[in-house]
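# Per-entry structural report
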Amino acid sequence: MATLKMLSRRALLQRTTFAAPAWFVARSFPALADDAATGLIVHERVPHNAEPPLDRLVESWITPNDLFYIRSHAPVPEIDADSFRLEVEGLVDRPLSLSLAELRQRDRRQSVVATMTCAGNRRNEHNAVKPVSGVMWQAGAIGNAEWTGIRLSDVLKQAGVKENARHVWFEGLDQVERSSGVIPFGASIPLDKAMQDEPDMPGALIATAMNGEPLSPDHGFPVRTVVPGYIGARSVKWLGKIVVSDRPSPNHYVQHAYKLVEEDTDRQWSAASPIETYVINSVTCLPADGASVAPGELTVKGYALAAGLPERTIRNVEVSTDKGRTWRSARFEEEARPYCWRLWTARVAVDSNTSGLIVRATDSAGNRQPETVPWNLKGYLFNAWHRTAIDVR
Ligand SMILES: Nc1nc2c(c(=O)[nH]1)N[C@H]1C(S)=C(S)[C@@H](COP(=O)(O)O)O[C@H]1N2
Ligand SMILES: [Mo]
């Protein structure tokens, strides 16, 4: 059903593209052509930042590659697959220089399904409280994909990690222009997380494929890390180097971004620790915010994600039509799996007194999504109860 709906929408989109004169699309909006074909909402063309419309996002548990949000801090680097090498260095017994063929070896191959979400997802709601800087994400900076590659722990064992190692740095091959100069995007995860393999779930994966296809340039071709449970910023695209160290990476995106601060002062930045795992969240995707709906039974759909911790899953999602006085549980489309979102559907009654919907989730450990969240300067980790205005008539 979902697939059929997707195909027909795609066919429709193709027709729309054909209807516009080819010269018009090509000459006036070259950089937009891709997004026009996929239907993504574009925040920025270069670097490419785009998210899917929410109604499309909940069409399938696995997010199709062309609907997966794109968050890049720099233009896509050009990488020659034949000469590409992933360097592994630092506190290791044997530094490595791995070719793409080595990273794709069949006997080391591992596939995992994991949700990735940007720390800035729902930033527009933070911004409504008090302005924040950054790409103004709605609630679509999230997606669930099957990632294929080799375990980071495999590579680290191959290199031989030294006794005093505590952290693993990832460095991208992209070049981010900052006022201080040009830097690569970087991340850092604790060595414990890197080595913390669970059944069917590596602590971190060095991925070369997404949903059975080689990574696209926008999603990190040829190689990226995927760190299940961690904010998207720790899953470094266009991965060029892994450094094993006794301390976290000094990269700007570890030390001076992706932290919860209230003021832009050195003191606050250095006192805060880098965000690691994402937090519990749930969002209504259908109906859209501000939609007009008929009185009677209303079908509500959305996603929910537990915090990125081992064995943590979503147990319950509740929807309220009366400003939080009463709640109705949603049903899920599939079984709960750690590090993966759950899509949910609720049937609620609405009438002319209903002005909106509220959704909240509870996880397997009994933690409930908070009603409100403290504001932070960069608008990260917004996970307050999600409110959707509707107009019943
Ligand atoms: N090299 C590099 N890796 C990166 C980024 C980047 O700008 N450069 N952005 C990060 C952020 S903030 C997120 S949320 C995810 C997004 O991955 P996606 O574009 O495949 O959805 O990639 C992360 N990895
Ligand atoms: Mo992000």
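Keep in mind the model is a prediction, meaning the values are calculated, not measured.

Criteria and cut-off values
Residues numbered from 1 in each chain as written. Chains lettered and ligands numbered in written order. Predicted model: local features only at pLDDT ≥ 70, side-chain atom pairs only at ≥ 80, totals over all residues. Heavy atoms only, no water. Helix = DSSP H or I, 4+ residues; strand = E, 2+ residues; numbered from the N terminus. Rg over C-alpha atoms; globule rule 2.2 N^0.38 Å. Buried < 20%, exposed > 50% of the residue type's maximum accessible area, 1.4 Å probe, protein only. Areas by Shrake-Rupley, 256 points an atom, 1.4 Å probe, with all protein chains shown as cover. Pairing = 2+ DSSP bridges. Near = heavy atom within 4 Å. Polar contact = N/O pair within 3.5 Å; in protein donor to acceptor, adjacent residues only side chain to side chain. Nonpolar A, V, L, I, M, F, W, Y, C, P; charged D, E, K, R; others polar. Salt bridge = Lys/Arg side-chain N within 4 Å of Asp/Glu carboxyl O. Domains from an automatic or database assignment. Contact = heavy atoms within 4.5 Å. Buried area = accessible area lost by both parts, 1.4 Å probe. pLDDT = per-residue confidence, 0-100.

## Side note on the overall build of the chain
Across its full length, the chain holds 10 helices and 24 strands. By the compact-globule yardstick of 21 Å for 393 residues, the chain fits well, its C-alpha radius of gyration being 21 Å. Seen through its principal axes, the chain has C-alpha atoms that stretch 70 × 55 × 45 Å. Scored against the burial criterion, the 393 residues of the chain give a buried share of 53%. Entry remark: accessible area of the chain is about 18,000 Å², with carbon and sulfur atoms responsible for 50%.

## Considerations on the sheet that holds strand S1 (residues 41-44)
Spatially, 3 strands are ordered S1-S2-S3 in an open sheet, and the strand pairing comes out antiparallel. Here the strands that pair on one side only, and so sit at the sheet edges, are S1 and strand S3 (70-71). Note that S1 and strand S2 (residues 49-51) share 3 bridges and pair antiparallel. Pairing of Val42 across the sheet is with Ala50, part of S2.

## Here's the deal with the site of ligand 1
In the vicinity of ligand 1, 20 residues are found, and the nearest of them are Tyr69, His73, Asp174, His219 and Lys237. Between Tyr69 and ligand 1, the recorded distance is 2.7 Å, taken from a backbone N or O atom to an oxygen atom. Protein contacts shield 100% of the accessible area of ligand 1, which totals 540 Å² for the unbound molecule. Taken together, the residues of the shell around ligand 1 break down into 10 nonpolar, 6 polar and 4 charged.

## Things to note about the pattern of salt bridges
On inspection of all chains with the given rule, the structure shows 12 salt bridges. One salt bridge connects Glu297 with Arg347, and the closest N-O pair in it is separated by 3.2 Å. Here Glu297, found in strand S18 (residues 296-305), pairs with Arg347, found in strand S22 (residues 342-350); they are 50 residues apart in sequence, far enough to count as distant. For the salt bridge of Arg387 with Glu371, the shortest nitrogen-to-oxygen distance reads 3.9 Å.

## Thoughts on the environment of Val129
Structurally, Val129 can be placed in helix H6 (residues 123-129). Residues Val129 and Val113, spaced 16 residues apart in sequence, show a C-alpha to C-alpha distance of 34 Å.

## Description of unusual backbone geometry
A cis amide bond links Val46 with the next residue in sequence, Pro47, at an omega value of -10 degrees. For Pro47, the location among the structural elements is in the loop between S1 and S2. That bond from Phe221 to Pro222 is cis: its omega, 5 degrees, falls within 30 degrees of zero. Relative to the assigned elements, Pro222 resides in the loop between strand S13 (213-214) and strand S14 (224-226). A positive phi is found at Tyr258, a non-glycine position, where the angle reads about 50 degrees. Of the residues examined, Tyr258 reaches a relative accessible area of 5% and is grouped as buried.

## A closer look at the pairing of S22
A regular strand carries its side chains on alternate faces of the sheet. Within S22, 7 of the 9 residues are buried, which leaves the element mostly enclosed by the surrounding structure. Pairing geometry for S18 and S22, over 9 bridges, is antiparallel. What sits directly across from Gly302, in S22, is Trp344. Pairing analysis gives 2 bridges linking strand S21 (residues 331-332) to S22, with the strands arranged antiparallel. Looking at S22, one finds that Arg331 is bridged to Thr345.

## Brief notes about the domain arrangement of the chain
Here the domain parsing of the chain yields domain 1 (4-271) and domain 2 (281-392). Between the C-alpha centres of domain 1 and domain 2 the distance comes to 26 Å. Across the boundary between the two partners, domain 1 contributes 43 residues, which contact 35 residues of domain 2. Surface buried jointly by domain 1 and domain 2 totals about 3,300 Å² across both partners, of which 65% is contributed by carbon and sulfur atoms. Among the residues of domain 1 in contact with domain 2, Trp61, Arg122 and His126 are the three that bury the most area, contributing 24% of the side total.

## What about the confidence of the model for the chain?
Of the residues in the chain, 91% reach a pLDDT of 70 or more, and the chain-wide mean stands at 91. Every residue in residues 1-33 is under pLDDT 50, and counting partners more than four places away or in other chains gives 22 contacts.

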